[in-house]
Amino acid sequence: MNFFRRTLIPFAAVLLVGVAVAQTPPRPSPVPRPVVPDAPVPPPPDVDGKSWVLMDYATGQILASKEPDLRVEPASITKVMTDYVVSAEVANGRVHMTDPVTISENAWRGGGAGTDGSTSFLKLNSQVPLKDLLYGMIIQSGNDAAIALAEHTAGSEQAFAGLMNAYAKQLGMVNSNFQNASGYPIADHYTTAHDIAILSRALIHDFPEDYAISAVKEFEWNGIKQHNRNTLLWRDPSVDGIKTGHTSGAGYCLAASAKQGESRMIAIVMGASSEKARADSAMALLNYGFRFYETHKLYDASKPLATPRLWKGAANQLSLGVTDNVLVTVKRGQYDQLKATMDIPATLIAPFTKGQQIGMLRITLDGKPVQSVPLVVLADAPQGGFFSRLWDSILLWFHSDKKAEAAAPAKSADAK
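The notes below deal with the structure included here. (Residues numbered from 1 in each chain as written. Predicted model: local features only at pLDDT ≥ 70, side-chain atom pairs only at ≥ 80, totals over all residues. Heavy atoms only, no water.)

Okay, the packing of helix H2 (residues 78-91) against helix H5 (residues 143-154) next. Running from N to C, H2 and H5 cross one another at 35°; their axes reach a closest spacing of 11 Å. Crossing geometry of H2 relative to H5 is assigned as left-handed. Counted together, Lys79, Thr82, Val86 and Glu89 of H2 and Asn143, Ala146, Leu149 and Thr153 of H5 form the full contact between these two elements. (Axes fitted to C-alpha atoms, helices over the stretch in contact; angles between N-to-C directions. Helix = DSSP H or I, 4+ residues; strand = E, 2+ residues; numbered from the N terminus. Left-handed = near helix turned anticlockwise from the far one by under 90°. Contact = heavy atoms within 4.5 Å.)

Across the interface, helix H4 (residues 130-139) lies against H5 with an axial gap of 8 Å and an inter-helix angle of 140°. When the axis of H4 is compared with that of H5, the two are oblique. By crossing handedness, the relation of H4 to H5 is classed as left-handed. Together, Leu130, Leu133, Leu134, Gly136 and Met137 of H4 and Ala145, Ala146, Ala148, Leu149 and His152 of H5 make up the contact between the two elements. (Parallel < 35°, antiparallel > 145°, perpendicular 65-115°, else oblique.)

In this section: the environment of Thr329. Among the structural elements, Thr329 can be located in strand S12 (residues 326-331). Using a relative accessible area of 3% as the deciding quantity, one classes Thr329 as buried. Between the alpha carbons of Thr329 and Gly60 there is a distance of 9.1 Å; along the sequence they are 269 residues apart. Setting aside residues up to four positions removed in sequence, Thr329 forms contacts with Asp56, Thr59, Gln61, Leu63, Tyr293, Glu294 and Thr295. A polar side-chain atom of Thr329 sits 2.7 Å from a polar atom in the side chain of Thr295. (Buried < 20%, exposed > 50% of the residue type's maximum accessible area, 1.4 Å probe, protein only. Polar contact = N/O pair within 3.5 Å; in protein donor to acceptor, adjacent residues only side chain to side chain.)

Any functional reading would require information beyond the geometric quantities listed.
Here's what the structure looks like:
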């Protein structure tokens, strides 16, 4: 009996275990997850305005637009150009922020309290520091302040208009012509949404301290406090500029810029139907840019991108790169589709100097050009000695001088 207990009980236990294992239900198969489709990018919003532009600040690329090169009346958007010129003249040392500026009768009558336009209420023959006039012009949109600044900077408003057009030409504003500093309606005074975007980007980049004035919400002069007419400053904390404008002929205009993280967008709306419409339109464009576009750094400045063979030089290779970081802005999800090529002559004979352009770096997306950047020499490349030059002369007999096109990966420095 004890024998059977010692033998059968463990055996039965094994059977029971075996049965238990056999009856364990199978693990359910995992439910397959749906494949996430590529996120589409919708077309830009259809906003109110005769013409408009959405520009990426980092690259200057136009992301969306409507009639970007249509010539329109700029109204007080003109004062962005006036601001740029005065800031440039201050930087050049021709005028100074502390200069006392006399308010002439022309400035007082043409832009003062007796007019229908916006004014800073400057007193006739008073002296106002140049910096305060900038605040009055940018925040209060004072026509009197703009005229006074023009007269002080160039001697007359007419001469100042010449400066405006000269600086506009330097910036590449090919469809603009300015006749005055305030934007008061006058024949042959025009610009485009595209040109104002170019100007706005230059102001932000070249004179960030002066640009910061456009974020100030109110300014008081002569006992009168006035609010900034850019209502987006109150609606969205990322908005920090730039300028409004309005006349019956120009409609309601707004140059706006906002920064979110490392990205900055510029929206220009010209000829909207109302003050609210211009603000809503600019905000819609800015939001569209931040939501559906992203900026990548493809290549770092001053780092070698190519080291082609150098003939008759002290070294055997020539180091080529770019002078500034190469940035590109694309729709979200398109980064991996970027392609880059380098156009470099097959035969490079010393000497070369640092900064000398040798070829071009070309960025494309779906076969369409996105950016072209000059390739430059990163360090001086002098000639080699007599015998090395002689030997290379012999070798060059067997070397083809056809133009080479070398492929380069568009891998971003910040790619994950």
